[in-house]
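If you want the building blocks of each chain, they are given just below.
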Amino acid sequence: MFTRIRHFFTRFFSNSSKVNNQPLNKVSLMVLIFVDIFILINVFVGLNDISNWHLSPSRAYPCYSEWTTYQKNTTQDKDYQIIVDSFGYDNRPRYQRQYQRVEDNSLGQVSEICLNYGELKDGVLSNSNNQDRIKINNLQGRIKNLDLVNSRIRSQYDSTLLEKIAGQSPENSINKVEAEKAKQELDKNNQQIANLKKEVVEVKKQIINRKESLNFLALLQDETKLATVTKGYQNASFWYPSIQFGLQAIFLTPLIIIALFVHRRSQSRGYGLVALISWHLLVIFLIPLLLKVLEFLQVGVVFNFLFNVIGNLLGGLLFLVSYLYILFIPLFGFVLIKFFQRIVFNTNIQVSNRVQQSQCINCGKKIKTFHAHCPHCGYYQYVECQNCHELTYKKLPYCYHCGAEQNLSD
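The structure presented is a predicted model; accordingly, all values stated were derived computationally and were not measured.

Conventions adopted
Throughout this description, residue numbers start from 1 for each chain and increase along the sequence as written. Side-chain atom pairs in this predicted model are given and counted only at pLDDT of 80 or more, local residue features only at pLDDT of at least 70, and totals for whole chains, interfaces and linings cover all residues. The basis for the side-chain values is all heavy atoms of the structure; hydrogens and waters are excluded. How sure the predictor is of each residue is captured by pLDDT, a score from 0 to 100. By the criteria applied, helices consist of DSSP H or I runs no shorter than four residues and strands consist of E runs no shorter than two, each listed in order from the N terminus. Contact between two residues is taken to exist if any of their heavy atoms lie within 4.5 Å; hydrogens are not considered. What counts as a disulfide here is a pair of cysteine sulfur atoms lying within 2.5 Å. Note on classification: 1.4 Å probe, protein chains only; a residue is buried when its accessible area is under 20% of the maximum for its type, exposed when over 50%, partly exposed between these limits. Axis angles are defined between N-to-C directions and span 0 to 180 degrees, where every axis is a line fitted to C-alpha atoms and, for a helix, only to the segment in contact. For classification purposes, an angle smaller than 35 degrees is called roughly parallel, one larger than 145 roughly antiparallel, one from 65 to 115 roughly perpendicular, and anything else oblique. Working rule for helices: expected span equals 1.5 Å times residues minus one. We call two N or O atoms a polar contact when they sit within 3.5 Å, provided that within protein one can donate a hydrogen and the other can accept it, with sequence-adjacent residues counted only if both atoms are side-chain atoms. Patches were defined on residues exceeding 30% relative accessible area and lacking a salt bridge, with like-charge contacts within 9 Å and nonpolar side-chain contacts (Val, Leu, Ile, Met, Phe, Trp, Tyr) within 5 Å. All accessibility values rest on the Shrake-Rupley procedure with a 1.4 Å probe; residue burial counts only the protein chains present in the view. Salt bridge, as used here: a side-chain nitrogen of Lys or Arg that lies within 4 Å of a carboxyl oxygen of Asp or Glu.

Moving on to the confidence of the model for the chain. Per-residue pLDDT for the chain averages 75, and the proportion of residues at 70 or more is 70%. For the chain, the element scoring lowest by mean pLDDT is helix H1 (residues 2-17), at 57; strand E3 (residues 382-384) scores highest, at 89. Segment residues 172-177 is flagged for pLDDT under 50; beyond a separation of four residues in sequence, or across chains, it makes ten contacts in the model.

This is the structure we're talking about:
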């Protein structure tokens, strides 16, 4: 086992740093590393771009967040607040177009209910009167100023009462307002504040009771449509990681196939530098694929499925998902290694192909059929048949002289 691992890493680093079994010089190696870094950066940029090609749940359901926030809001002013938040400064419809624009050059569609939501919100915007909002802000500013004045008067009023109780004459008082006058001033300001608050309430009612506002609020209070949006958003959130992984796999698969094809062709024809560069490209393309597979297993459909099963069966003992992953990932790795060992990188299959193409059994370089040793790596190509004692190819199951089965473990 350890011999195979050591052989694998030796071969890996040999393929990564040698041209025709000759080591690269330091300058060429630095150039190759810079090329690798540049390509790797662009691969990840491409993966990021293609993963955003499909509409995310928040872009496919742009009204979901605001709608659910409104439903959870328990303040009395929530109707007015969401109406006012829809107001703009240019009074031009924009929300529906913004929602539709995300479909341009993207996969997926924006929810029809959210498009209707944006249309009604545009209606509120088109018929909004910024003067009403400015008026409310001015009224609330006046209320705040009067509250500050009252606060100052109260502090002086309390000290004036103390002076009066102590028998101090008004001429010696440090306060500018007498107790009686302070109380009158407070009553006057409180009355004015009450009137201003009533005026604010009236203006808010006018804004809320407009036809466009009522239509918008009616949609916001429609539990059935909110449930539809919520279900759609949750469903999109469930599948989105899998869709992203699929798009990323589509992006990487052609690159991996091309790099693998070029690498094998260049090896068979003895193009050492092309084989080296294509090998680096193959490794660079496989690294993001491996990372994305692990990311998908952590957040994709598989994880969500296990998460839901554990949650339903074991009553919320979700930490057990980690135990399943600890068991599942090594098992998955074992199956994957077996697949590559037996099918993709099967030694016997590789040797058979190389013998048919007059290549070295060990390094795959072109050699003459009468060469017993490879002139590239020095590997001895033959072994003595245990039956007829003639020389036959190593690592092939049968002797090509007598047809006797060979012991491939030698």
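Note: disulfide means a covalent bond formed between the sulfur atoms of two cysteine side chains. This structure, assessed with the given rule, holds one disulfide. Between the sulfur of Cys63 and that of Cys114 lies a disulfide, 2.0 Å long from S to S. Residues Cys63 and Cys114 share a disulfide whose torsion about the S-S bond is about -65°; that sign makes it left-handed. Here Cys63 is found in the loop between helix H3 (57-60) and helix H4 (64-72), whereas its partner Cys114 is found in helix H7 (residues 112-126), with 51 residues between them in sequence. Here Cys63 falls in the buried class, since its relative accessible area comes to 0%. The exposure class assigned to Cys114 is buried, which follows from its relative accessible area of 0%. No disulfide involves Cys374; its sulfur sits 3.5 Å from that of Cys360, the nearest cysteine. Exposure remark for Cys374: the relative accessible area of 3% places this residue in the buried category. No disulfide involves Cys388; its sulfur sits 3.7 Å from the nearest other cysteine sulfur, which is in Cys402. Residue classification places Cys388 among the partly exposed positions, given a relative accessible area of 26%.

Another point: the environment of Lys292. Inspection of the secondary structure puts Lys292 in helix H12 (residues 272-299). A relative accessible area of 15% means that Lys292 is categorised as buried. With 48 residues separating them in the primary sequence, Lys292 and Gln244 have C-alpha atoms 9.5 Å apart. For Lys292, the contacting residues outside a window of four places in its chain are Leu47, Phe245 and Gln248.

Following both chains from N to C, one finds H7 and helix H11 (residues 223-269) inclined at 125°, their axes separated by 9 Å at the closest point. With respect to H11, the axis of H7 lies oblique. Note on element contacts: H11 touches H7 through Lys225, Thr228 and Val229, opposite Ile113, Cys114 and Asn116.

Once that is clear, we can look at H11. With 47 residues, H11 should cover 69 Å at 1.5 Å per step; its first-to-last C-alpha distance of 69 Å lies within 8% of that length. Of the residues flanking the start of H11, the one acting as N-cap is Asp222, its side-chain oxygen 3.1 Å from the backbone nitrogen of Thr224. After H11 finishes, the residue Gly270 shows a positive phi value of roughly 80°.

On the surface, Leu29, Met30, Ile33, Phe34, Ile37, Ile41 and Val45 cluster together to form a nonpolar patch covering roughly 640 Å² of accessible area. You can see Val45 is positioned in helix H2 (residues 26-51).

Tracing the backbone through its elements, the reader meets Thr392 in strand E4 (residues 391-393). Within the structure, Thr392 has its side chain in polar contact with the backbone nitrogen of Tyr400 (distance 3.3 Å). Residues contacting Thr392, with those up to four places away along its chain left out, are Gln381, Tyr382, Val383, Cys385, Tyr398, Cys399, Tyr400 and Gln406.

Now for the environment of Val262. Inspection of the secondary structure puts Val262 in helix H11. For Val262, a relative accessible area of 31% gives the class partly exposed.

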